[in-house]
Amino acid sequence: MQYLFNTVLTTSIYAAIVGLIIVFVKGLLKNRLSARWHYLIWIVLIMKLLLPFGPESTISFFNVVPDVEYYSARTVAEEPEYIDEAHGSTEASYETGISAVSEINPIATFDIKALLPYLWAAGAVIMLIWLTASFRILYKKLQKGIYPLEDRVLRIQQNCMSKMSVKRHIPVIMQSTVSMPSLFGVFRPKILLPHNAVEFSDKELEHILMHELAHYKRKDILINYLLLALQTVHWFNPVMWYCFKKMREDMELAADEQVLSLLASEEHKAYGRTLIAILEGFSGPKLAPRLLAMADDKKSIEKRLKMIKMTEFFKRRRRLVILAGLLCIALLSGILLTNAVTNKNAISNSMDIYDAEKLLKYRTEYVGDNAAVTGIMNNLPYGGYIEEITLQMNTEPYEVIVKYDFKGNEPSQQEFFDKFHNNAAVAFALIKNVGTINFDTSTSEGIIRFTRDKFIYDNVDLWSFSENEKNFEKLLHDLVFGVHVSPTKYELTMSSTPGIRIMELYQGEVAVKTVRYSAETGSLATWGPPAGKVVQEGKTVELPRGKAVYWSPLSNSGTKEQAAENIVKITLLDKAGKEIGSREIKIVGNGYGFEVQRGPGIYTDSNSQVQETMTIEEAVRSAILDEASAYRDGEVATEGHVILSEHEMGPIIKVYAIVSIGNFGFENGVFTKISGSGAIPTVITLDNREESRFALIEYKEPQDGSYYAKSIKEMFPIELQKEALNAQKYSNELVKQQELQAGEYLKSIDRTAKVSAGHVTKTLVDIDVDASNKLFAEMGKYDSFINTCPYWIGTIEQIEDGIRYIYQTSHDKTSDGYDIVTFTKSKEDGTVEKQVKYKIVGSEVQKIE
């Protein structure tokens, strides 16, 4: 509801601007465009209402219009009788706060804006009911009060239909319900004449009928109903009511113009007299449903009479008028039907940049301060998508639950976590006694949960970061200027990485060209293409965005530089090499190894079975990736999963999911799934005795073979058994998740390659079968080098001690016709490290020295 209302409100405001501009332009072109073109200009407003969000353009008028601030968030305070507990405490440290919050009335601070979507919906429904009822009543009345038509009226009707080239028979009904000549009905249109219309002359009746037939030919009845539908949606906007009134006036003028184009010049004055006679002869009723009546009020009649006088003027300048009309519509469309150009350097969501000054205005000690909590959440990224805010104040830790409705605009999984992680940090800094913040995404990500204890850095609570604007801006800076580090604990004996990997994750609006990394102690290195090995860079290196650096306690000479605190500074540079901003990370030496000190905006990976995961999703991912070690090693382990349900039994959580594991590596240059599993129904049991700290209790898969179905029925509750037994239907989704993760890994190592979980085509070595068995089965069993090389003609890649090696198997023939099988190990730059060749003579395998 909130999202729908925000869309309608934005559309209505922008359409009102378009409508007022059209009124202004029409005023300037008052006597320079014919009635037809004055009416057609309104198509720009109709298009804006139906398609409010057009393409971006530098000529768009909305480049100078401020963004619309959404009305957001309905707050619900659970159990008001507990508010005192949430507002204060009997402890001395809270005594000063009690008096301050005692004046806060939780009902009075309820945000009245939260009711607006429901008031709008109620108004639209009431108007729709009123219009429907009015039409229904009118229809029934018309069926009763009908008078017989005179022959002359029928004769005049046939003559008018011939003049107007109307082939379909449009009935004329003489009645006493509607007191003004009108057109009524969409599918079966009828011309309504008041019963005393027989008093008019034949010419006057002809003018009346031609006018209503002009409405029929121009499809004005459909436009009129469209306007009624739009008025129902935008009932609250007086500018729209005014514009629709003006549009209907122009509709009448355009119908007059079409009639006059078929009448002789000497009849134009007579047509004007008919309009006056209608206004004088019939009372102007307040029609319940808006009909297409021939005359409305005196002011509009005066306008129409002036138009009649100018008919010949516009006829003589017909081509010029058409050109001016088309040009006017084209210009207005280009300016008003396009959107403002967004700042390409800004983060995707318009509210993604934190406003320290605005946020600090809502700083509060108590989660029960509805207005403050709502103000904070609305001014954080994704604030425009908030549907509801709930405050849990029954027991400690006090909670804030924010529910979103993204309506198909969901960001990526990583963006979700990063933004909500930062939002939680800001909220903990601004709301002193909130213990838990839950972001209900209403997507497959479910509820993303954060607790205050996970945001304590150096034993300092985040609340202290908002004590003054300087500290708070520093916090926001560190959150926006994120840094990814992995692993967080490092020892020189670790061979899987040349050091602690560090990469900036800046999310600000300034364009960054390069990143400078500098270390006070130790050394920095890069790893990956084009060198294909670890490259020592010294203590300072500048790299393009997205490329990581590795910190090691060893100097370039290989000696260990022992320090209690090791600082790595990260500096952002623009295109001109000017410093944009910088931050530092601290790596602490503990005698055995080194550990990255946690802080705001520092993101880490965790591979331990008991890990500090923020959500059940993270715990599930970790459990699956731990299981990946049971499969053949690859360069990177990926997983895919779909959670069917979660059952909580106190601190024990059972997650019922469909799971797939994929270990990816290079085969023939393709980054492919070299081992793993298909879609497997899995039950993952977690222990959550500590807040947001999940321990894996059990990872259970069904048994193979004939026990498969039976074991699934034993593992899964009855309502999930059908889904579990049809797990393969999720295969495409699981593969897609794995390929996305594999693609992200390739980006992290600056490698471009095809990513495919499918089978890579392999050509086997075409030699004698017995020789093949000896070479690849018997000899490969004892020779690790042969065993590592592919059993097909092609390549695989392995990383050993931080260096990438390519293992290749090739097949050639000697000049005398014997087969030669060559096994080669080389670096990425082509340097051959080892090569062994075998000559195949019949079924014998002979090594070539």
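Described in the following lines is the structure provided in the data block.

Concerning the overall build of the chain
Secondary structure assignment for the chain yields 24 helices and 35 strands. Counting only residues that meet the buried cut, the chain has 50% of its 849 residues in that class. If you take every contact in the chain between residues at least 6 apart in sequence, the share linking residues at least 24 apart comes to 65%. When the accessible surface of the chain is totalled, it reaches about 41,400 Å², and 53% of it is carbon and sulfur.

A closer look at the pairing of strand 13 (residues 500–506)
Of all seven residues that make up strand 13, six are buried, and the element is covered over most of its length. Both strand 11 (residues 481–486) and strand 13 contribute to a ladder of six bridges, which runs antiparallel. Bridge assignment links G482 to a residue of strand 13, and that residue is L505. The pairing of strand 13 with strand 18 (residues 549–552) spans three bridges and is antiparallel. Considered in strand 18, the bridge of R501 is made with Y550.

Quick word on the environment of Y550
Turning to its location among the elements, Y550 is positioned in strand 18. Overall, the relative accessible area of 8% leaves Y550 in the buried class.

Comments concerning unusual backbone geometry
The peptide bond linking E396 to P397 adopts the cis configuration, its omega dihedral lying at 0°. With respect to the helices and strands, the residue P397 is situated in the loop between strand 7 (386–392) and strand 8 (398–404). Here Y382, not a glycine, exhibits a phi torsion of approximately 75°, which is positive. Mapping Y382 onto the fold places it in the loop between helix 16 (370–378) and strand 7.

Some words on the packing of helix 6 (residues 116–144) against helix 9 (residues 220–233)
The geometry of helix 6 relative to helix 9 is characterised by a closest axis approach of 8 Å and an angle of 145° between their N-to-C directions. Residue-level contacts link W120, A124, M127, L128, L131 and F135 of helix 6 to Y225, L228, Q231, T232 and V233 of helix 9. Among the residues making up the contact of helix 6 with helix 9, the classes are represented as nine nonpolar, two polar and no charged.

Description of a negative patch on the surface
Together, D355, E357, E469 and E473 make up a region of like negative charge exposed at the surface. Its location among the elements puts E473 in helix 18 (residues 469–480).

A word on the nonpolar core
Within the largest apolar cluster, 67 residues are counted, with the highest numbers of intra-cluster contacts made by F472, I502 and Y517. Ranked by residues supplied to this core, first place goes to helix 17 (residues 413–430) with nine residues.

Quick notes on the pairing of strand 26 (residues 670–676)
Judged by how many residues are buried, strand 26 sits mostly within the fold: six of seven residues are covered. The pairing of strand 25 (residues 652–667) with strand 26 spans six bridges and is antiparallel. Residue pairing in the sheet places E667 in a bridge with V670 of strand 26. A loop of two residues connects strand 25 with strand 26, the two strands running antiparallel in sequence, and N668 in this loop sits at a positive phi of about 55°.

Brief notes about the packing of aromatic side chains
Enumeration over the complete set of coordinates arrives at 23 aromatic pairs. On the numbers, 6.2 Å between centres and 50° between planes, the contact of F5 with W120 is tilted. Separated by 115 residues along the polypeptide, F5 in helix 1 (residues 2–28) and W120 in helix 6 bring together distant segments of the chain. Here F5 falls in the buried class, since its relative accessible area comes to 5%. Residue W120 is classed as buried on the basis of its relative accessible area of 9%. Ring geometry for Y385 versus F406: centroids 5.0 Å apart, planes at 35°, classification tilted. With a gap of 21 residues between them, Y385 in the loop between helix 16 and strand 7 and F406 in the loop between strand 8 and helix 17 connect regions that are remote in the sequence. Taken together, Y382, Y385, Y404, F406, F420, F439 and F450 form an aromatic cluster joined through their ring pairs. Lying across the ring of F666, R751 places its NZ or CZ 4.0 Å from the centre.

Looking at the sheet that holds strand 19 (residues 565–573)
Taken in spatial order, the six strands of this open sheet run 12-21-20-19-14-17, and their pairing is antiparallel. Because the sheet does not close on itself, it has two edges, and the strands there are strand 12 (489–490) and strand 17 (540–544). As judged from the six bridges shared by strand 14 (residues 514–519) and strand 19, these two strands associate in the antiparallel manner. Paired with S518 across the strands is K569, a residue of strand 19.

What about a positive patch on the surface?
A cluster of basic residues, K30, K269, R273, K306 and K309, forms a positive patch at the surface. Elements that contribute at least two residues to the positive patch include exactly helix 11 (268–281) and helix 12 (298–309). When you line up the elements, R273 lands in helix 11. The exposed category is assigned to R273, whose relative accessible area is 53%.

Remarks on helix 16
The element helix 16 is extensively covered by neighbouring structure, given that eight of its nine residues are classed as buried. Residues of helix 16 that are buried: N370, A372, V373, T374, G375, I376, M377 and N378.

What about a nonpolar patch on the surface?
Together, I59, F61, V64, L327, L331 and I335 give the surface a local cluster of nonpolar side chains, amounting to about 560 Å² of exposed area. By the element assignment, F61 lies in the loop between helix 3 (43–50) and strand 1 (74–77).

Some words on the packing of helix 7 (residues 151–163) against helix 8 (residues 202–217)
Packing of helix 7 against helix 8 brings their axes to within 9 Å, and their N-to-C directions diverge by 50°. Accordingly, the angle class assigned to the pair helix 7 and helix 8 is oblique. Note on packing geometry: the crossing formed by helix 7 with helix 8 is right-handed. The segment helix 7 lies against helix 8, with R152, V153, R155, I156, Q157, N159, C160, M161 and K163 engaging D202, K203, L205, E206, L209, M210 and L213. Residue composition of the contact of helix 7 with helix 8, by class: eight nonpolar, two polar and six charged.

Quick notes on the rules
Residues numbered from 1 in each chain as written. Predicted model: local features only at pLDDT ≥ 70, side-chain atom pairs only at ≥ 80, totals over all residues. Heavy atoms only, no water. Helix = DSSP H or I, 4+ residues; strand = E, 2+ residues; numbered from the N terminus. Buried < 20%, exposed > 50% of the residue type's maximum accessible area, 1.4 Å probe, protein only. Contact = heavy atoms within 4.5 Å. Areas by Shrake-Rupley, 256 points an atom, 1.4 Å probe, with all protein chains shown as cover. Pairing = 2+ DSSP bridges. Axes fitted to C-alpha atoms, helices over the stretch in contact; angles between N-to-C directions. Nonpolar A, V, L, I, M, F, W, Y, C, P; charged D, E, K, R; others polar. Patch = residues over 30% accessible without salt bridge, like charges linked within 9 Å, V, L, I, M, F, W, Y side chains within 5 Å. Salt bridge = Lys/Arg side-chain N within 4 Å of Asp/Glu carboxyl O. Lys, Arg positive; Asp, Glu negative; His and termini not counted. Charge placed at Lys NZ, Arg CZ, Asp CG, Glu CD. Core = buried A, V, L, I, M, F, W, Y, C linked by side-chain atoms within 4.5 Å. Phe/Tyr/Trp six-rings, centres within 6.5 Å; stacked < 30°, edge-to-face > 60°. Lys NZ or Arg CZ within 6 Å of the ring centre and 35° of its normal. Parallel < 35°, antiparallel > 145°, perpendicular 65-115°, else oblique. Left-handed = near helix turned anticlockwise from the far one by under 90°.

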